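Below, each chain spelled out in residue letters.
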Amino acid sequence: MRRTTALALSATLIGGFTSAVVATTPAAAAEASPIGFASVNALGQNGTTGGAGGQTVTVTSRSQLEAAVERTDPVVIQVSGTIQISGMLDVESDKTIIGVGTGGRITGGGLDVDGTHNVIIRNLTFTGANDDAINITDGAHHVWVDHNDLSGAYDGALDVKRGSDYVTVSWNHFHDQQKNSLVGHSDGNGGQDDGKLRVTYHHNFFDGTAERNPRVRFADPVHVFNNYYRDVQGTDSYGAATAMDAGVLVEGNYFENVASPTKVQIFESDPGRLVERNNVYVNSGAPESDGAVTEPRTYYAYTVDDPNTVPAKVRAGAGVGRLGSPVPDTTPPAAPGGLRSSGTSATSVSLAWNAATDNVGVSGYTVYREAGATDVRVGTATGTSFTVTGLSPATDYTFYVVAGDAAGNASSPSGAVTVRTPDQGGGQPTDGPVGFASVNALGQNGTTGGAGGPEVTVTNATDFIANIKADGPRVVRVQGLITLPAGMYDVSSDKTIIGVGASSGITGGGLNVGLPVSEVTSPPANAVHNVIIRNMVFRNANDDSINVQMFSHHVWIDHNDLSAGKDGLIDVKRGSSYVTISWNHTHNHTKNMLLGHDDDNGAQDIGYLKVTYHHNWFDKTPQRNPRVRFGNPVHVLNNYFYDNSDVGVACQQQAGCWVEGNYFEDVEEPMTTSYAGPKGSIVERNNHYTGESGDPVVGGSVENPANYYRYTAAPAADVKAIVTQGAGTGKI
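Summarised in this report is the structure supplied together with it. Numbers given for residues are sequential positions, taken from 1 along each chain in its written order. Local features in a predicted model are, by the rule used here, given only for residues with pLDDT of at least 70; side-chain atom pairs are given and counted only at 80 or more, and totals for whole chains, interfaces and linings are based on all residues. Calculation of side-chain values draws on the structure's entire complement of heavy atoms; hydrogens and water are dropped beforehand.

## Quick notes on the overall build of the chain
Now for step 1: Starting at the N terminus, helices and strands are each numbered in turn, a helix being any DSSP run of H or I of at least four residues and a strand any DSSP run of E of at least two. Scanning the chain from N- to C-terminus turns up seven helices and 61 strands.
Now for step 2: Between the two quantities, the radius of gyration covers C-alpha atoms and the globule rule is 2.2 Å times the number of residues to the power 0.38. Its C-alpha atoms give the chain a radius of gyration of 27 Å, near enough to 27 Å, the size a compact globule of 732 residues would have.
Now for step 3: Each principal axis of the C-alpha atoms in the chain carries an extent, and together these give about 85 × 60 × 50 Å.
Now for step 4: With a 1.4 Å probe rolled over the protein chains alone, any residue whose accessible area is under 20% of its type maximum counts as buried; one over 50% counts as exposed, and the rest are partly exposed. Expressed as a percentage of the 732 residues in the chain, the buried residues total 59%.
Now for step 5: Pairs at least 24 residues apart make up 66% of the contacts formed inside the chain by residues separated by at least 6 positions.
Now for step 6: Counting every atom, the chain has about 25,500 Å² of accessible surface; 46% of that belongs to carbon and sulfur.
Now for step 7: By the counting rule applied here, Lys and Arg register as positive and Asp and Glu as negative, while His and the ends of each chain are not counted. Every charge is mapped onto a representative atom, which is NZ of Lys, CZ of Arg, CG of Asp or CD of Glu. Averaging the locations of the 47 positively and 74 negatively charged side chains of the chain gives two centres separated by 4 Å. Residue contacts are counted whenever heavy atoms from the two residues lie within 4.5 Å of one another. All accessible areas in this document rest on Shrake-Rupley with a 1.4 Å probe, and a residue is counted as covered only by the protein chains that are shown.

Put into structure tokens, the structure is as follows:
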């Protein structure tokens with residue numbers, strides 16, 4: 001049935017990709033995708049697509065804008081009218097923020113792209129920010145800032161710093177601004193900045209901006225081409241400046257009334273390197289140059305306009321309202337190739353395929369399951385992998401994939417692949433947890449949460465707090481992001497707490513699954529048990545985001561997005577056991593997950609703290625991923641560890657960790673048996689180490705988790721794709 005399905009799609013829309021049937025192929029100056037470093041395939045991101053493939057929303061107020069930029073799914077955010085803000089709004093990954101017409105304005109504050117990636121900011125006017133108008137920082141990458149109007153910021157109009165990389169700044173009009181655009185935080189930040197900060201500036205209008213056009217430290221190369229500099233005059237004014245051994249290529253630009261077009265040393269900083277070629281200087285000073293610079297063509301292809309044409313082109317094309325009119329795009333993408341299974345479990349199949357090509361760009365993919373006369377659409381992906389869940393054990397399934405573009409054009413189907421799910425084994429329920437939360441123990445057979453009880457939907461703190469601690473089974477559906485007063489809020493037994501959509505959850509407070517702390521050393525009869533927490537966003541808890549304590553058991557924490565708490569994101573301690581922590585995305589946090597209260601708590605913890613961690617995304621969380629005391633076995637399976645600067649798995653104080661099938665990327669110390677206390681034991685097998693990951697420190701013996709439950713490990717090399725596709729909210 002695959003051919004009929006593809007023909008039907010070519011005349012309609014591919015679910016989740018777009019709400020229009022024409023692509024914007026802008027005329028004149030506006031490119032459909034970035035030129036320069038934001039176009040490069042690097043750091044796991046192929047070019048910069050922003051919110052393509054996600055929902056399109058229109059915002060007219062600060063609260064709407066803030067909620068939209070903080071969403072964790074891809075979103076195209078249309079800014080209509082003037083929005084007054086104060087301070088900086090954090091922008092999550094996979095966002096396009098674009099002004100409507102010429103009236104989309106952000107005034108009083110700015111946008112902070114902090115450690116995130118794949119962000120597009122276009123066609124917006126920024127005025128009067130009380131800090132930076134746009135700040136790209138802390139390892140952010142693949143950011144495209146295009147066709148904006150920026151002026152009057154208190155600090156920088158557009159700064160790129162602290163290890164950020166792969167940025168394109170194009171067709172912007174900068175004016176009425178002193179400190180314009182900085183690349184590199186300070187002279188002392190080389191440890192974070194060396195080898196990064198690659199930025200392309202092209203076709204910008206630097207209109208009377210006194211300095212930092214840009215000012216560059218450490219980067220090599222920064223590419224400055226086909227920009228128009230006008231009336232950059234006054235004491236200490238300059239065009240492009242390099243320092244601290246940065247390498248800047250300045251070519252094809254037009255400098256008019258610029259006292260100092262280029263500088264190779266600025267203020268007290270050490271000198272840098274600068275190559276200038278084929279520029280035009282009119283009523284301007286002499287350019288400075290020195291040294292050699294890496295050629296940008298080693299990264300990307302580009303064409304330099306005749307610099308004599310630059311003033312007219314840039315004046316006509318830079319700034320807002322210049323993106324052009326929609327032109328119909330009727331060319332479908334090529335069919336994806338290489339469809340294959342990258343891993344299976346009794347209830348899921350992970351698929352991967354090769355990227356399709358398109359004349360404008362592929363915006364996403366739809367995965368189908370063959371089902372006789374009418375095939376079933378099982379989901380969409382913006383990348384080249386997808387995990388199909390909710391399947392039956394020991395069953396054959398046939399899948400294929402269709403590529404789509406922003407205009408709604410659909411490719412022919414890929415070749416099909418048939419996969420058989422393995423036998424379930426072990427009595428594991430197909431709709432419940434894998435791991436210790438599935439085990440029959442302590443009078444509880446598996447973890448079912450509030451199943452069988454009433455379902456309630458809550459939208460405010462009062463109703464939320466009342467329902468999670470109510471007696472008896474209950475399913476509590478959370479609608480929207482609820483702000484809780486600071487504190488921890490008790491969850492009683494037999495509860496399912498589940499967010500609606502991709503952005504529902506709580507902020508300000510946390511959840512406590514457990515009785516008050518006491519000195520008992522065995523599970524009390526009234527220990528909290530049978531709790532499920534799924535699909536929730538947790539932000540800004542003033543203590544732990546989730547705390548499981550005092551012999552609580554059978555707890556399943558699954559498909560949540562957790563960040564920016566004060567203490568731990570998920571802590572399990574004081575005799576708790578039979579817990580599964582799965583498919584969560586944790587980020588922007590230091591002390592991530594603790595298992596075991598402290599080194600002196602063996603009386604409560606020995607023989608308990610049996611926890612499974614699987615398919616979690618530990619995303620730049622420096623430590624406690626997890627940090628384990630006394631638990632044995634603790635099963636760490638098929639997780640993706642990314643840029644954990646301190647340690648991945650720390651297993652100490654008599655603990656036993658079985659660490660298998662994980663993907664470690666740029667993890668300084670992937671695992672260790674000794675962190676900050678007495679040693680534990682680690683059995684390590686079939687893990688994948690890449691980038692700047694160190695060597696695992698292992699030893700000792702650990703009980704095999706297979707003695708408790710059946711499971712299937714995906715190949716470690718496939719885990720990054722599987723987890724980044726499936727972890728977090730909005731995936732169940």
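## Some details on the pairing of strand S42 (residues 529–534)
Now for step 1: Here S42 lies mainly inside the structure; five of its six residues are buried.
Now for step 2: We call two strands paired when DSSP finds no fewer than two bridges between them. For strand S40 (residues 495–499) and S42, the ladder comprises four bridges, and the chain directions are parallel. Its bridge partner being in S42, Lys495 is matched across the sheet by Val531.
Now for step 3: Where S42 meets strand S45 (residues 553–558), five bridges bridge the pair, whose relative direction is parallel.

## Overview of the packing of aromatic side chains
Now for step 1: Stacked, tilted and edge-to-face are the three classes applied to pairs of Phe, Tyr and Trp rings, where Trp contributes its six-membered ring and a pair requires centres within 6.5 Å; stacked means planes under 30 degrees apart, edge-to-face means over 60, and tilted covers the rest. Considering all chains together, one arrives at 25 aromatic pairs under this definition.
Now for step 2: Relative to Tyr228, the ring of Phe205 lies with its centre 5.0 Å away and its plane at 15 degrees, an arrangement referred to as stacked. Of this pair, Phe205 sits in strand S18 (residues 205–207) while Tyr228 is found in strand S21 (residues 228–232), placing the two residues 23 residues apart along the sequence.
Now for step 3: Assessed through its relative accessible area of 6%, Phe205 is described here as buried.
Now for step 4: For Tyr228, a relative accessible area of 1% translates into the label buried.

## Observations concerning the environment of Asn460
Now for step 1: By the secondary structure assignment, Asn460 is in the loop between strand S37 (455–458) and helix H5 (461–468).
Now for step 2: For the pair Asn460 and Val478, spaced 18 residues apart in the sequence, the C-alpha separation amounts to 8.7 Å.
Now for step 3: Pairing of N or O atoms within 3.5 Å defines a polar contact, subject to two protein rules: one partner must be a possible hydrogen donor and the other a possible acceptor, and residues neighboring in sequence count only if both atoms are side-chain atoms. In this structure the side chain of Asn460 is engaged in a polar contact, spanning 3.2 Å, whose partner is the backbone nitrogen of Thr462.
Now for step 4: Engagement of the side chain of Asn460 in a polar contact is seen with the backbone nitrogen of Asp463, the distance being 2.9 Å.

## Remarks on the nonpolar core
Now for step 1: Core analysis: the biggest nonpolar cluster contains 54 residues, and Leu65, Ile77, Phe126, Ile136 and Val183 have the highest contact counts within it.
Now for step 2: Each residue touching Ile77, except ones within four places of it in the same chain, is listed here: Val57, Val59, Leu65, Ala68, Val69, Lys95, Thr96, Ile97 and Ile98.
Now for step 3: Within the second largest apolar cluster, 50 residues are counted, among which are Met593, Phe641, Ala655 and Phe664. Among buried residues, the Ala, Val, Leu, Ile, Met, Phe, Trp, Tyr and Cys ones that are joined through side-chain atoms within 4.5 Å form a nonpolar core.

## Topic: unusual backbone geometry
Now for step 1: Look at the link from Asn213 to Pro214: it is a cis peptide, with omega at 0 degrees.
Now for step 2: Inspection of the secondary structure puts Pro214 in the loop between S18 and strand S19 (215–217).
Now for step 3: In this model, Asn632 is joined to Pro633 through a cis peptide bond whose omega is 0 degrees.
Now for step 4: Inspection of the secondary structure puts Pro633 in the loop between strand S53 (627–629) and strand S54 (634–637).
Now for step 5: A positive phi is found at Phe267, a non-glycine position, where the angle reads about 55 degrees.
Now for step 6: Mapped onto the elements of the fold, Phe267 is located in the loop between strand S25 (262–263) and strand S26 (273–277).
Now for step 7: Notably, Asn278 is not glycine yet its phi reads approximately 60 degrees, a positive angle.

## Digging into the sheet that holds strand S33 (residues 396–405)
Now for step 1: Spatial ordering of the open sheet is given by S31-S30-S33-S34, a layout of four strands whose pairing is antiparallel. In this open sheet, the two strands that pair with only one neighbour each are strand S31 (376–381) and strand S34 (417–420). The average angle at which neighbouring strand axes cross in this sheet is 30 degrees, direction not considered. Axis geometry follows a simple rule: fit a line to the C-alpha atoms, using only the stretch in contact for helices, then measure angles between N-to-C directions, giving values from 0 to 180 degrees.

## Focus on the layout of surface pockets
Now for step 1: Quantified by volume, the second largest pocket comes out at close to 340 Å³.
Now for step 2: Cavity and pocket criteria rest on a 1 Å grid covering protein atoms alone: a 1.4 Å probe that fits but cannot get out defines a cavity, protein on both sides within 12 Å along at least 5 of 7 lines defines an open pocket, and an atom within 4 Å of a point defines a lining residue. Forming the walls of the second largest pocket are 16 residues, and the residues nearest its centre are Glu70, Asp90, Glu92, Arg539 and Ser563.
Now for step 3: Sorting the residues of the lining of the second largest pocket by element identifies strand S7 (105–114) and strand S39 (481–490) as the ones contributing at least two each.
Now for step 4: Note that Gly is not counted as nonpolar here; it falls among the polar residues with everything else outside the nonpolar set of Ala, Val, Leu, Ile, Met, Phe, Trp, Tyr, Cys and Pro and the charged set of Asp, Glu, Lys and Arg. Looking at side-chain class alone, the lining of the second largest pocket contains three nonpolar, seven polar and six charged residues. Grid points are joined across faces, edges and corners, and a volume is the space filled by probe spheres set on the points.

## Description of helix H2 (residues 62–69)
Now for step 1: Those residues of H2 that sit buried are Leu65, Ala68 and Val69. With its buried residues spanning 90 degrees around the axis, H2 presents them on a single face.
Now for step 2: Those residues of H2 that are buried are in contact with strand S3 (55–59), strand S4 (75–79), strand S5 (82–90), strand S6 (95–99) and S7. Working definition: the arc comes from the directions between the helix axis and the C-beta atoms, pointing outward to the latter.

## Here we look at H5
Now for step 1: Listing the buried residues of H5 in full gives Ala461, Phe464, Ile465, Asn467 and Ile468.
Now for step 2: Along its buried surface, H5 packs onto S37, strand S38 (474–478), S39, S40 and strand S41 (505–513).
Now for step 3: N-cap assignment for H5: the residue whose side-chain oxygen lies 3.2 Å from the backbone N of Thr462 is Asn460.

## Here's the deal with the pairing of strand S20 (residues 222–225)
A regular strand places its side chains so that they alternate between the two faces of the sheet.
Now for step 1: Neither face of S20 is left uncovered, since the one carrying Val222 and Val224 and the one carrying His223 and Phe225 both have all their residues buried.
Now for step 2: Relative to S20, strand S17 (residues 199–202) runs parallel, the two being bridged by three bridges. Residue pairing for S20: Thr200 is matched across the bridge by His223.
Now for step 3: Pairing of S20 with strand S23 (residues 247–251) involves four bridges; the strand directions are parallel. The partner of Val224 across the bridge, within S23, is Val250.

## Regarding the state of the cysteines
Now for step 1: By convention in this document, the label disulfide applies to cysteine sulfur atom pairs within 2.5 Å. Per the stated rule, a full pass over the model turns up one disulfide.
Now for step 2: Shown here is the disulfide that connects Cys651 with Cys657, its sulfur atoms set 2.2 Å apart. Taking the sign of the S-S torsion, about 90 degrees here, the bridge from Cys651 to Cys657 comes out right-handed. Each member of the pair Cys651 and Cys657 is classed as buried.

## Quick word on the pattern of salt bridges
Now for step 1: A carboxyl oxygen of Asp or Glu within 4 Å of a side-chain nitrogen of Lys or Arg is what we treat as a salt bridge. All told, the structure shown has 23 salt bridges when counted by the stated rule.
Now for step 2: The residue Lys179 makes a salt bridge to Asp155 at a minimum N-O spacing of 3.2 Å. Of this pair, Lys179 sits in the loop between strand S15 (173–175) and strand S16 (182–183) while Asp155 sits in the loop between strand S12 (149–151) and strand S13 (158–160), and the two are 24 residues apart along the sequence.
Now for step 3: What makes Lys179 partly exposed here is its relative accessible area of 27%.
Now for step 4: In this structure, Arg230 engages Asp231 in a salt bridge whose closest nitrogen and oxygen atoms are separated by 4.0 Å.
Now for step 5: Arg230 sits in the partly exposed class, given a relative accessible area of 25%.

Remember that the coordinates give geometry; whether it matters functionally is a separate question.
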